[in-house]
Amino acid sequence: ELKVEQNPLFLSMQEGKNYTIYCNYSTTSDRLYWYRQDPGKSLESLFVLLSNGAVKQEGRLMASLDTKARLSTLHITAAVHDLSATYFCAGKIRGGSNYKLTFGKGTLLTVNP
Amino acid sequence: DSGVTQTPKHLITATGQRVTLRCSPRSGDLSVYWYQQSLDQGLQFLIQYYNGEERAKGNILERFSAQQFPDLHSELNLSSLELGDSALYFCASSERLYNEQFFGPGTRLTVL
């Protein structure tokens with residue numbers, strides 16, 4: 001069964017700084033997703049990473065996938081307060097009849113002025 | 001807005017009661033997933049339906065059941081509610097079995 005571990009679980013950053021959130025997964029995952037969740041709100045899809053070496057960027061966020069290391073990263077560049085949220089990575093395994101997402105515990109990001 | 005709708009938005013009930021949560025998938029999506037989010041368990045997969053048929057079960061309690069109707073909307077039924085069932089329940093939908101899942105706004109259930 002797929003296990004997904006994120007670290008750190010809590011991240012307090014200053015505006016303008018860079019940081020990386022790490023997502024390790026236990027077995028081969030066909031796809032890796034990153035979601036953002038604001039307090040009490042739904043999950044907003046940020047990135048879908050499909051293959052080894054995939055890199056996607058949107059604004060100040062960049063996600064990458066290394067399937068050999070079973071590692072995905074979410075890099076934050078020059079953080080701004082609006083990025084404060086909880087970020088989840090999730091993996092999905094193709095096979096059998098189960099297409100569920102397995103989520104990490106989430107990283108609560110707080111960007112301070 | 002993902003296009004997935006869930007009702008009600010909030011639900012407050014007492015222990016021992018039964019509630020029904022409703023989900024309408026995005027137009028054209030055949031697959032519906034239910035997830036539970038709680039502080040202690042995080043985000044957990046409950047159950048998946050595809051075109052009216054149950055396809056996979058996760059950590060879903062026997063007191064919980066779900067179905068997907070011919071019009072593709074889905075309902076999650078929670079019975080004999082306990083305090084620990086208080087959580088945010090999300091529905092997600094995808095076009096086919098393996099496509100990206102889009103999440104609804106969630107139903108916050110509070111059991112008193």
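These notes cover the structure that comes with them.

How each quantity is defined
- Residues numbered from 1 in each chain as written.
- Chains lettered and ligands numbered in written order.
- Predicted model: local features only at pLDDT ≥ 70, side-chain atom pairs only at ≥ 80, totals over all residues.
- Heavy atoms only, no water.
- Helix = DSSP H or I, 4+ residues; strand = E, 2+ residues; numbered from the N terminus.
- Rg over C-alpha atoms; globule rule 2.2 N^0.38 Å.
- Contact = heavy atoms within 4.5 Å.
- Pairing = 2+ DSSP bridges.
- Axes fitted to C-alpha atoms, helices over the stretch in contact; angles between N-to-C directions.
- Salt bridge = Lys/Arg side-chain N within 4 Å of Asp/Glu carboxyl O.
- Buried < 20%, exposed > 50% of the residue type's maximum accessible area, 1.4 Å probe, protein only.
- Buried area = accessible area lost by both parts, 1.4 Å probe.
- Polar contact = N/O pair within 3.5 Å; in protein donor to acceptor, adjacent residues only side chain to side chain.
- Nonpolar A, V, L, I, M, F, W, Y, C, P; charged D, E, K, R; others polar.
- Disulfide = S-S within 2.5 Å.

1. A word on the overall build of chain A
Each helix and strand counted, chain A has zero helices and eleven strands in total. Sequence-ordered secondary structure for chain A, helices as α and strands as β, is β-β-β-β-β-β-β-β-β-β-β. Against the compact-globule benchmark of 13 Å for 113 residues, chain A has a radius of gyration of 14 Å, which places it among compact chains. Counting only C-alpha atoms, chain A reaches 45 × 30 × 20 Å along its principal axes. Counting only contacts in chain A whose residues sit at least 6 apart along the sequence, the fraction spanning at least 24 positions is 55%.

2. Quick look at the sheet that holds strand β7 (residues 64-68) of chain B
Residue and element names in this part refer to chain B. The strand order across the open sheet built from four strands is β1-β3-β8-β7, with neighbouring strands paired in antiparallel fashion. In this open sheet, the two edge strands, each paired with only one partner strand, are β1 (5-7) and β7. The mean inter-strand angle of the sheet, taken between neighbouring strand axes irrespective of direction, is 15°.

3. So, the pattern of salt bridges
Evaluation of the coordinates by the stated rule reveals six salt bridges over all chains. The partner of A:D38 in a salt bridge is A:R36, and the shortest N-O contact between them spans 2.9 Å. Note on A:D38: relative accessible area 26%, which makes it partly exposed. Via salt bridges that share partners, B:R63, B:E82 and B:D85 belong to a single interconnected network.

4. Considerations on the environment of B:A66
Residue and element names in this part refer to chain B. Within the secondary structure, A66 is located in strand β7. Judged by its relative accessible area of 14%, A66 is buried. Taking C-alpha positions, A66 is 9.5 Å from L46, a pair spaced 20 residues apart along the chain. With sequence-adjacent residues up to four places away left out, A66 is seen in contact with W34, I47, Y49, E75 and L76.

5. Quick look at the sheet that holds strand β7 (residues 61-66) of chain A
Residues and elements named next belong to chain A. Read across the sheet, five strands follow the order β1-β3-β8-β7-β6 without closing on themselves; strand pairing throughout is antiparallel. Single-partner strands in this sheet number two, and they are β1 (4-7) and β6 (55-58). Direction aside, neighbouring strands of the sheet carry axes that sit 15° apart on average. The pairing of β1 with strand β3 (residues 19-25) spans four bridges and is antiparallel. Along β3, the bridge assignment pairs N7 with Y22.

6. Digging into the environment of A:V4
Residues and elements named next belong to chain A. Positionally, V4 belongs in strand β1. Classification of V4 as buried rests on a relative accessible area of 11%. Here the alpha-carbon distance between V4 and I93, two residues 89 residues apart in the chain, equals 12 Å. Those residues in contact with V4 that lie beyond four places of it in its chain are C23, N24, Y25, C89, G91, T102, F103 and G104.

7. Notes on the interface of chain A and chain B
Counting from both sides, the interface comprises 21 residues of chain A and, opposite them, 19 residues of chain B. Contact between chain A and chain B buries roughly 1,700 Å² in total, counting both sides, with carbon and sulfur atoms accounting for 56%. Inspection of the region where chain A meets chain B yields zero salt bridges. Between the two partners, chain A and chain B, sit six residue pairs in polar contact (both at pLDDT 80 or more). Within the residue set of the side of chain A that touches chain B, elements represented by two or more residues are β4 (31-37), β5 (43-49), β9 (85-92) and β10 (101-103) of chain A. The leading source of residues in the side of chain A that touches chain B is β4(A), at four residues. Among the residues forming the side of chain A that touches chain B, the class breakdown is nine nonpolar, six polar and six charged.

8. Considerations on the state of the cysteines
Residue and element names in this part refer to chain A. Going through the model one piece at a time under the given rule, you end up with two disulfides over all chains. Each sulfur in the disulfide pair C23 and C89 lies 2.0 Å from the other. Every disulfide takes its handedness from the sign of the S-S torsion; for C23 and C89 that torsion is 85°, giving right-handed. With a gap of 66 residues between them, C23 in strand β3 and C89 in strand β9 connect regions that are remote in the sequence. Assigned by exposure class, C23 and C89 land together as buried.

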